[in-house]
Amino acid sequence: MNIKDNKTSPIGFFDSGVGGLSVLARFRKVLPFENILYYGDTIHLPYGNKSKDELVSYARNILKFMMSRNVKAVVIACNTSSAQAYDTVKDMFNFPIYPIIQSCAKGVIDSRTSKVGVFATEATVKSGKYTIELKKCNPNVLVKEIASKNWVSIVEKTTKNIEEDIKNIKSEVEEMMKFHPDKIILGCTHYPYLLDELTKYASKELFIDPAKIFVDFIKSDLEKRKLLNLSKTNGKEEFFVSSNPDEFIQNGKIFYEIKNPPILHLC
Ligand code: DGL
């Protein structure tokens, strides 16, 4: 496929489920003309407590599926998969793969940033990937990563004890504030949707939604590679899930309006 044909090929997005739709929502504001193929790996949800081997195997299979659909690039719209799988799969395919953590770290650090807090899933924190990537930008930066409990379930309202879980947010933010961070990265696709609760215990200016930085990075990289779709009509969207399409539509509403019903496809 030559570059000219490639421009109208879809961009693949994947996540464990609906969380990556929050990245897609941001992406759509900046790049409305791109065709999109979104894959929600709902049968393996949640990714946050899976092992590295499992996450690598899921990512590899999804990327193979995306390759069979002639994507021109893939967005790993999931912090956990970026943290645990990207390094292993990044050279296996001949299209650009954009991982959220590695693509946004540079945009977080500026000359006044000396301490960065990160809230993320257990698997992301275990990988230490945010610390590694932030230190590549500034070796002196201090990073504190906290694995937040049940925050994904709070946003999706699937937790059994929502009041208790919401109460825990207070102690987790208070623990973070003892570190006196200059910035706090919301290092899971769901967490920006907890801002109303989080900002009861820390100032709004501290919190960073990496999706904003991520999307700007993707746009400029696609531009550099001459891969942007130059058409002036809104892009098509296809959604695939590995289980429960109805639940995907229901939970996805929090993040994005899904226009086409998702197709069941196990990678
Ligand atoms: N979307 C995933 C992330 O950004 C978290 C959801 C999950 O645990 O499956 O890390």
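In short, a report on the structure. (Residues numbered from 1 in each chain as written. Predicted model: local features only at pLDDT ≥ 70, side-chain atom pairs only at ≥ 80, totals over all residues. Heavy atoms only, no water.)

**Notes on the pattern of salt bridges**
Evaluated as defined, the whole model comprises twelve salt bridges. K129 is the salt-bridge partner of D87, the closest N and O atoms lying 2.7 Å from each other. In this pair, D87 is assigned in helix α5 (residues 86-89) and K129 in helix α8 (residues 129-137), connecting sequence segments 42 residues apart. Judged by its relative accessible area of 39%, D87 falls in the partly exposed class. Judged by relative accessible area, which is 7%, K129 ranks as buried. Here D110 makes a salt bridge to K183, at a shortest N to O gap of 3.3 Å. Of this pair, D110 sits in the loop between α6 (100-108) and β5 (115-120) while K183 is found in strand β7 (residues 183-186), placing the two residues 73 residues apart along the sequence. Relative accessible area serves as the criterion here: at 16%, K183 is assigned to the buried category. (Salt bridge = Lys/Arg side-chain N within 4 Å of Asp/Glu carboxyl O. Helix = DSSP H or I, 4+ residues; strand = E, 2+ residues; numbered from the N terminus. Buried < 20%, exposed > 50% of the residue type's maximum accessible area, 1.4 Å probe, protein only.)

**Structural notes on helix α10 (residues 162-177)**
Taking 1.5 Å as the rise per residue, α10 with 16 residues should run 22 Å; its terminal C-alpha atoms sit 23 Å apart, in good agreement. Buried within α10 are the following residues: D165, I169, E172, V173 and M176. Burial along α10 is one-sided: seen end-on, the buried residues are contained in an arc of 95°. Projecting away from the buried face of α10 at angles above 90 degrees are the exposed residues E163 and K167. (Expected span 1.5 Å × (residues − 1). Arc of directions from axis to C-beta.)

**Thoughts on the side chain of S82**
Within the secondary structure, S82 is located in helix α4 (residues 79-84). The exposure class of S82 is buried, given its relative accessible area of 0%.

**A few points about the packing of helix α2 (residues 20-30) against helix α12 (residues 210-224)**
Any two packed helices are characterised by the angle at which their axes cross and by the distance between the axes. Contact pair α2 / α12: the axes reach a minimum separation of 9 Å and the direction vectors enclose 50°. One way to sum up the angle between α2 and α12 is to call them oblique. With respect to the hand of their crossing, α2 and α12 are arranged in right-handed fashion. Across the interface between the two elements, V23, R26, F27 and V30 of α2 pack against A211, K212, F214, V215, I218 and K219 of α12. (Axes fitted to C-alpha atoms, helices over the stretch in contact; angles between N-to-C directions. Parallel < 35°, antiparallel > 145°, perpendicular 65-115°, else oblique. Left-handed = near helix turned anticlockwise from the far one by under 90°. Contact = heavy atoms within 4.5 Å.)

**A word on the side chain of S103**
Note that S103 resides in helix α6. With a relative accessible area of 7%, S103 lands in the buried category. A polar contact is formed between the side chain of S103 and the backbone oxygen of P99, at a distance of 2.5 Å. Setting aside chain neighbours within four positions, we find S103 in contact with Y98, F214 and F217. (Polar contact = N/O pair within 3.5 Å; in protein donor to acceptor, adjacent residues only side chain to side chain.)

**Side note on the sheet that holds strand β6 (residues 142-147)**
The strand order across the open sheet formed by four strands is β6-β5-β7-β8, and the pairing between neighbours is parallel. At either margin of the open sheet sits one strand with a lone partner, and together these are β6 and β8 (207-208). Note: β5 against β6, six bridges, orientation parallel. Each bridged residue has a counterpart across the sheet, and for A120 the counterpart in β6 is A147. Taken strand by strand, α10 contacts β5, β6 and β7, and its axis lies near 165° from that of β6. (Pairing = 2+ DSSP bridges.)

**Brief notes about the pairing of strand β2 (residues 36-40)**
The buried count for β2 comes to five of five residues, which makes it a mostly enclosed element. On β2, burial covers both faces: I36, Y38 and G40 on one face and L37 and Y39 on the other are all buried.

**Concerning the environment of L194**
If you trace the backbone, L194 turns up in the loop between β7 and α11 (195-198). Put simply, L194 and I169 are 25 residues apart on the chain and 9.4 Å apart in space, counted from C-alpha to C-alpha.

**Here's the deal with the pairing of strand β3 (residues 73-76)**
Burial along β3 is two-sided: A73 and V75 facing one way and V74 and I76 facing the other are all buried. Pairing of strand β1 (residues 11-15) with β3 involves four bridges; the strand directions are parallel. Each bridged residue has a counterpart across the sheet, and for G12 the counterpart in β3 is V74. Strand direction decides the pairing type here: β3 and strand β4 (residues 97-99), joined by three bridges, are parallel. Directly across from V75, in β4, lies its bridge partner Y98.

**Quick word on the nonpolar core**
Counting residues in each nonpolar core, the largest one holds 62 residues, and the members touching the most others are F13, L21, L24, F27, F119, L134 and L222. With residues near it in sequence (within four places) discarded, L222 still touches I11, L31, A73, Y98, L227 and L228. Ranked by size, the runner-up nonpolar core spans 24 residues in total, among them I62, F65, C78 and A85. (Core = buried A, V, L, I, M, F, W, Y, C linked by side-chain atoms within 4.5 Å.)

Limitation: the analysis is restricted to geometry and does not speak to function.
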